[in-house]
Amino acid sequence: MLSLLHPARSRSRWRSFRQPAFRFHQASSAQSAAQQASRTYRYSRRVAVTLVVAGAAYTLDREYNASAIARNFRTLLTCAAIAVDYKLNFTPERADEIPALQERVAERVYHLLTSNGGLYIKIGQAIGNNAALLPKPLQERFAKLFDDAPQVPFAVVDAVFRKEFGRPPAGPDGVFEVFEEQAAASASIAQVHRAKLRTDDGSEQWVAVKIQKPDVSKQVEWDLGAFRAVMWIYENYLFDLPVYFAVDFITDHLRRELDFELEAQNALRTAELIAREPRLADRVYIPRVFPALSTKKVMVAEWIDGVRLSDRRGIARLMGDEPAAPGSPAPLRGGAAWVMRTMVDLFSAQIFDWGWVHCDPHPGNIIVRPHPGVRGAAQFVLLDHGLYVRLPPAFQQQYARLWKALLAADFGAVKEVAGEWGIGAPDLFASATLMRPVKFAQQGEMIPDFEKMNEYERGVAMKAKLKSFLTDTDRLPQELIFIGRNMRIVQGNNQYFGSPVNRIRITGFWASRSLATTHSLGLAERIRELAQHIAFLGVMFSIDALFWATRVRQWFARRIGRHRDDQGFEDEIERTMRDYAKSNFGVDIPDTVFEG
């Protein structure tokens, strides 16, 4: 009642009650705003500090560590993305989406290899030479990997010379009388310049100067470490496939390829072996190296003018398989057949006789030139001696026995060698060795019908087949990795020129001959091996008959203009290998997978 009688007093009391609450609310709001501003400031400061530290780390890594950490980070992110993609999408329920998955993976892998460059290109090429059973998108991306790269500026080359020799490449106190600043060729780990030696008699001696790009030495251990980690994770946690067993062997040989003093020694050793082999001494040439002018980062060798094997038209004109341009010198004797026969002889001698194998015989590393001492003859010049593998004598004997058994259809001997090497699928192994399909009639294995399988089922079946192939990786000779690379490139080179020689017969001859001429044989064993070698030569007639039938068909196809039928012996082998891979593994192999 009083409040009704005295409204002013009532309002005053209400205001006195409301004001403390309002002031408390104001204080609370101000405190919250202050706390929010403080949190925002702290977060902003942390973000700013993180960005500054990351930017500084990125700049330092780029300027002083050749972006090695950033490359590793890119590698781990890419491999993690691939692993997650496979785990989520390689399932029976998403079988129809697996081709799209394989396309994404192939694009990520290709982008990683080309973005990182350097040693990643070498690793990618090593995988690519063994990629026949990988999904088709990966095969196609690996086929695009070329070992070329922009050249580093001359200032960088000059700095390398001053560090290695204490003086510039040219000039009054330079290493050379003339040094061409523009590189003649540039690849992922090195580039080559042309230079002129200082001579006492004033003669002109031009040399090829191979200079390792400085970033490579900073990146190599990081790159190989990332490769090792990825292979271990993929084998043990993700795909359950035996891939880690060869990591030490591969990384060791890739490191060796970066030591140019070792490359010079390799070239000298190969030249000595060729000089002692009468069938090759006058046909094959290794450019002279200059050890006194070579270091671990720089190698100097004789400059050779000629036609690279990658120039098919140039080789055809040089060797007389195509008409030369008016005014050109007379063609050399033998045609492309001479070049290919020399190539197969050389690498067969390396594998079966010397146990010392050049593992990168791609067309860019081979030059054909007019023989400097024999008019009208050609000479085969082998370059780039950074990557060699040494074969133990026991392995050479086993590999020769394998080749001889394959060509003589002695499948018992093939299985014996495969068993000694821990290989559980001798037919697959034999096919990979000969680069032509081999199926053991007595094996009795049911071949899955891949046509009726979906993409997921094909992938699971192929994984099981590959695991059955490598049953004991501890016994598998790791030299096979690089021998297989050599064989595939040689096969591709022969195919590139229309298969002018019977590569399989030539290789088989060297394998059988090496068994018959082994120094450790006793008299009785030698007589027995020689008798078997003579019998083996008779077996080779059937392979020659097939080869020459293919050559005759080629000749007729060219004469009547049917170029679609103008396929050589290696083309036939490639076609049957594609059919074999399709029927036995459900894998589509593109036309380019066997190219050198």
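Quick caveat: nothing in here was measured; it's all calculated off a predicted structure. (Residues numbered from 1 in each chain as written. Predicted model: local features only at pLDDT ≥ 70, side-chain atom pairs only at ≥ 80, totals over all residues. Heavy atoms only, no water.)

**With respect to the nonpolar core**
Okay, step 1: Ranked by internal contacts, the top residues of the largest apolar core, which has 109 residues, are Met319, Leu346, Tyr399, Trp421 and Ile483.
Okay, step 2: The leading source of residues in this core is helix H12 (residues 335-354), at 13 residues.
Okay, step 3: The next biggest cluster of nonpolar side chains, apart from the first, holds 16 residues, and it includes Val152, Phe161, Phe176 and Val298. (Core = buried A, V, L, I, M, F, W, Y, C linked by side-chain atoms within 4.5 Å. Buried < 20%, exposed > 50% of the residue type's maximum accessible area, 1.4 Å probe, protein only. Helix = DSSP H or I, 4+ residues; strand = E, 2+ residues; numbered from the N terminus.)

**Things to note about the sheet that holds strand S5 (residues 284-285)**
Okay, step 1: Pairing is mixed across the open sheet formed by four strands, whose spatial order is S5-S10-S9-S7. The sheet terminates laterally at S5 and strand S7 (307-308), the two strands that pair on one side only.
Okay, step 2: Across two bridges, the pairing between S5 and strand S10 (residues 378-382) is parallel. The residue of S10 that forms the bridge with Tyr285 is Val381. (Pairing = 2+ DSSP bridges.)

**Let's talk about the confidence of the model for the protein chain**
Okay, step 1: Residue-level pLDDT values for the protein chain average 81, and 80% of them are 70 or greater.
Okay, step 2: Within the protein chain, the element-level pLDDT minimum falls on helix H1 (residues 2-5), averaging 44, and the maximum on S5, averaging 98.
Okay, step 3: The low-confidence segment residues 1-5, where pLDDT is below 50, has one contact with residues more than four positions distant or belonging to other chains. (pLDDT = per-residue confidence, 0-100. Contact = heavy atoms within 4.5 Å.)

**Quick notes on helix H7 (residues 154-165)**
Okay, step 1: Between its terminal C-alpha atoms H7 stretches 16 Å, which fits the 16 Å expected from 12 residues at 1.5 Å a residue.
Okay, step 2: Taken as a whole, H7 has its buried residues at Val157, Asp158, Val160 and Phe161. Buried residues along H7 cover an arc of 160 degrees about the axis, so they all sit on one side. Exposed and oriented more than 90 degrees from the buried face of H7 are Ala155 and Lys163.
Okay, step 3: Buried-residue contacts for H7 involve strand S1 (178-179), strand S3 (190-196), strand S4 (206-212), helix H8 (214-238) and strand S6 (298-302).
Okay, step 4: Positioned one or two residues after H7, Gly166 has a phi angle of 80 degrees, which is positive. (Expected span 1.5 Å × (residues − 1). Arc of directions from axis to C-beta.)

**Some remarks on a nonpolar patch on the surface**
Okay, step 1: Taken together, Trp232, Ile233 and Tyr237 make up a surface patch of nonpolar side chains, about 330 Å² in accessible area.
Okay, step 2: Relative to the helices and strands, Ile233 resides in helix H8. (Patch = residues over 30% accessible without salt bridge, like charges linked within 9 Å, V, L, I, M, F, W, Y side chains within 5 Å. Areas by Shrake-Rupley, 256 points an atom, 1.4 Å probe, with all protein chains shown as cover. Salt bridge = Lys/Arg side-chain N within 4 Å of Asp/Glu carboxyl O.)

**Considering empty space enclosed by the protein**
Okay, step 1: Following the criterion strictly, the structure yields two cavities of 30 Å³ or more and no others.
Okay, step 2: Volume-wise, the largest cavity comes out at about 60 Å³.
Okay, step 3: If you go around the largest cavity, the residues you meet are Val344, Phe347, Ser348, Ile351, Asn486, Met487, Val490, Arg503 and Thr507.
Okay, step 4: Breaking the lining of the largest cavity down by element, the ones donating at least two residues are H12, helix H17 (479-496) and helix H18 (503-516).
Okay, step 5: Looking at which element gives the most residues to the lining of the largest cavity, the answer is H12, with four residues.
Okay, step 6: Of the volumes computed, that of the second largest cavity is approximately 50 Å³.
Okay, step 7: Put simply, the parts of the chain that give the lining of the second largest cavity at least two residues each are helix H5 (119-128), helix H9 (247-257) and H17.
Okay, step 8: For the lining of the second largest cavity, the leading source of residues is H5, giving three residues. (1 Å grid on protein atoms, 1.4 Å probe; cavity = no way out; pocket = protein on both sides within 12 Å on 5 of 7 lines; lining within 4 Å. Points joined across faces, edges and corners; volume = space filled by probe spheres on them.)

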